[in-house]
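Descriptive analysis of the structure
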Amino acid sequence: MSFAQEEEAILWHPKQRLSWSNFKAEPIEGSKVAATTASGLSYQFSTTEEDGKYELDYTVSTFFYPDRSWYQPKICDEVILSHEQLHFDISELFARKMRKIMDNTTFTKNVKAEVKTIYRKINKELAEFQQVYDNETNYSRNTEQQLTWNQKINDALRN
């Protein structure tokens with residue numbers, strides 16, 4: 001009998017700051033990219049039904065995946081690390097958005113498909129938002145925009 005090894009994951013927490021030691025994957029040889037953050041959302045839920053009403057007990061979590069995240073030590077600095085941290089923080093913002101949608105949704109007997117639809121929609125929005133972030137900051141090279149985004153995301157996380 002064999003068991004799949006669980007992938008290492010770091011749960012998002014407001015006091016959890018990434019360090020370069022968290023980036024454990026090998027950099028892609030010849031890549032012009034300085035670093036890559038693998039982060040994302042996961043969910044689990046259980047349902048109870050009473051008189052045709054479906055109640056959900058759920059968790060939506062944000063994780064950073066060290067074994068899929070990498071950096072190039074020769075070209076990375078603290079600015080790039082803060083850029084990567086913000087990718088993780090942005091994922092948490094979308095986890096919060098998903099929680100809010102889940103809280104305000106009336107589920108039916110198709111709860112599994114309904115939750116999956118919400119998850120897919122949030123993940124699509126998250127990917128698009130991450131791309132806007134990378135484009136506007138030019139992958140952290142535009143320091144002024146990076147500082148603006150840092151403030152914008154930190155403010156959003158406080159609310």
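Above this note sits the structure.
These figures come from a predicted structure and were not determined experimentally. (Residues numbered from 1 in each chain as written. Predicted model: local features only at pLDDT ≥ 70, side-chain atom pairs only at ≥ 80, totals over all residues. Heavy atoms only, no water.)

**Focus on the side chain of Gln146**
Residue position: Gln146 is located in helix H3 (residues 143-158). With residues near it in sequence (within four places) discarded, Gln146 still touches Ser82, His83, Leu86, Tyr133, Thr137 and Ser140. (Helix = DSSP H or I, 4+ residues; strand = E, 2+ residues; numbered from the N terminus. Contact = heavy atoms within 4.5 Å.)

**A look at the packing of helix H2 (residues 111-137) against H3**
Closest axis-to-axis distance for the H2/H3 pair is 8 Å, and the angle between their directions is 145°. Contact residues: H2 offers Phe129, Val132, Tyr133, Glu136 and Thr137, while H3 offers Gln145, Gln146, Trp149, Lys152 and Ile153. Split into classes, the residues belonging to the contact of H2 with H3 amount to five nonpolar, three polar and two charged. (Axes fitted to C-alpha atoms, helices over the stretch in contact; angles between N-to-C directions. Nonpolar A, V, L, I, M, F, W, Y, C, P; charged D, E, K, R; others polar.)

**Concerning the nonpolar core**
The biggest cluster of nonpolar side chains holds 34 residues, and the ones touching the most others in it are Trp20 and Met102. The dominant element in this core, judged by the number of residues it contributes, is helix H1 (residues 78-103), at ten residues. Excluding residues that lie within four positions of it along the chain, Trp20 makes contacts with Ala35, Tyr71, Cys76, Asp77, Glu78, Ile80, Leu81 and Glu84. (Core = buried A, V, L, I, M, F, W, Y, C linked by side-chain atoms within 4.5 Å. Buried < 20%, exposed > 50% of the residue type's maximum accessible area, 1.4 Å probe, protein only.)

**Here we look at the packing of H1 against H3**
Two elements in contact, H1 and H3, have axes separated by 10 Å at closest approach and are oriented at 35°. Where H1 crosses over H3, the handedness of that crossing is left-handed. Along the contact surface, H1 presents Ser82, His83, Leu86, Asp89, Ile90, Glu92, Leu93 and Arg96, while H3 presents Gln146, Trp149, Asn150, Ile153, Asn154, Ala156 and Leu157. (Left-handed = near helix turned anticlockwise from the far one by under 90°.)

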